[in-house]
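Residue-level structure breakdown
One-letter residues, chain by chain:
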Amino acid sequence: MKASSYPEKNIISHQFIKAARELMADNMLQDQKELCNKYNYDKSLFNKNAKGEQSVPYDVLYQFVLDYELNPSYFFPSKTSSNSLYLRQSKG
Amino acid sequence: MTEEGKKKKSQKRELNAVDRRYLKAVDILIETNRAKSHSEICTSIGIDRSIISKMRSEGRSVTMQQLEATITTYGLSSEYFFYDKKSLFETESNSKSSGVLTNGDNNKVFNVERGNIEGNVLYEQIADQIINEAPPELHTKINTLVQETSKIKKIASDYKKEVSILKTEKREVEERLLKTNEDLHAVKDELLSIFRSK
């Protein structure tokens, strides 16, 4: 599924899936299974997030952001703050 | 209700870090006169007026959508809700941009000054925003469309009135027909009785 076809109202879930993929690409995360296991998150829910059918729970997103030191603005796009995934720009 | 039931009902769920920061943020919004009351905040982001008080009394959690709506509506920094020692408000220097930004995929994300992603207010604002940002040559066309739309609305309203009048007339004609039909039946019965009596 192309990210651009995601419904606007599920922007947070959209960004969550995108972030997970970016983390995998950066070898911060091995795969989707690792993410699901780490946050005790059902794989089917992850797939529903990917399809835009379900929102990511706040506790999962919260812990996810803290664990990987991510930039919250990436998930809540804003006009003034940076939309890069990582809070610190040292990665990559 | 059993004691256990009462206890269960009165038990308040413990708020998570995001909820606690959210409650603090709404208080700051009121203190800094960015909002008049909790109720106003709820209304402006399109949620039930009692949500914030329920968060305090019942330990109800804010949803990600509500959080996003609040952040967008009041121009808050999302970092505040996740990390310690972060400012609630975004820098003022950039806060007067067009209100349309893009996410990672260059999709437009509309910043709603009042109203939220689920609220109807958004659509009018988006419409205004699109019109304002449209190239000047389109403005004449948009104005023509707006005028045409209001003309069509006027015509539709006139037709509605006409239909209503015609319906009333139809009802009257039907009543008259019914009466005539009854009269004719009475005449028929009278004629039959005359024939039978002969």
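Residues numbered from 1 in each chain as written. Chains lettered and ligands numbered in written order. Predicted model: local features only at pLDDT ≥ 70, side-chain atom pairs only at ≥ 80, totals over all residues.

1. A short note on the overall build of chain A
Scanning chain A from terminus to terminus reveals five helices and zero strands. Looking at the 92 residues of chain A, the share that counts as buried comes to 37%. Across chain A, every contact between residues at least 6 apart in sequence was considered, and the portion connecting residues at least 24 apart equals 47%. (Helix = DSSP H or I, 4+ residues; strand = E, 2+ residues; numbered from the N terminus. Buried ≥ 20, exposed ≤ 12 C-beta atoms within 10 Å, placed from the backbone. Contact = placed C-beta atoms within 7 Å.)

2. Some remarks on the overall build of chain B
Scanning chain B for helices and strands turns up seven helices and two strands. Beginning at the N terminus, the succession of helices and strands in chain B can be written as α-α-α-α-α-β-β-α-α. A buried classification covers 23% of the 198 residues belonging to chain B. Summarising the internal contacts of chain B: among those between residues at least 6 apart in sequence, 46% fall at separations of at least 24.

3. Observations concerning helix α2 (residues 17-31) of chain B
Residues and elements named next belong to chain B. With 15 residues, α2 should reach 21 Å at 1.5 Å per residue; the first-to-last C-alpha distance of 21 Å fits that figure. Residues of α2 that are buried: Asp-19, Arg-21, Tyr-22, Ala-25, Val-26 and Leu-29. Projected down its long axis, α2 carries its buried residues within an arc of 160°, all on one side. Each element contacted by the buried residues of α2 is listed here: α3 (38-44), α4 (51-58) and α5 (64-74). One or two steps after α2, the chain reaches Asn-33, where phi turns positive at roughly 60°. (Expected span 1.5 Å × (residues − 1). Arc of directions from axis to C-beta.)

4. Focus on the confidence of the model for chain A
Residue and element names in this part refer to chain A. In this model, chain A carries an average pLDDT of 79, and 80% of its residues clear a pLDDT of 70 or more. The lowest-confidence element of chain A is helix α3 (residues 43-51), averaging 81 in pLDDT; the highest-confidence one is helix α4 (residues 58-67), averaging 89. In the model, residues 1-9 has pLDDT below 50 throughout and makes eleven contacts with residues more than four positions away in sequence or in other chains. (pLDDT = per-residue confidence, 0-100.)

5. Considering unusual backbone geometry
Residue and element names in this part refer to chain A. Despite not being glycine, Asn-27 has its phi angle at roughly 60°, a positive value. Among the structural elements, Asn-27 can be located in the loop between α1 (11-25) and α2 (32-38). Using a count of 7 C-beta atoms within 10 Å as the deciding quantity, one classes Asn-27 as exposed. Notably, Asn-40 is not glycine yet its phi reads approximately 50°, a positive angle. Tracing the sequence through the fold places Asn-40 in the loop between α2 and α3. By C-beta crowding, Asn-40 is classed as exposed, having 8 other C-beta atoms within 10 Å.

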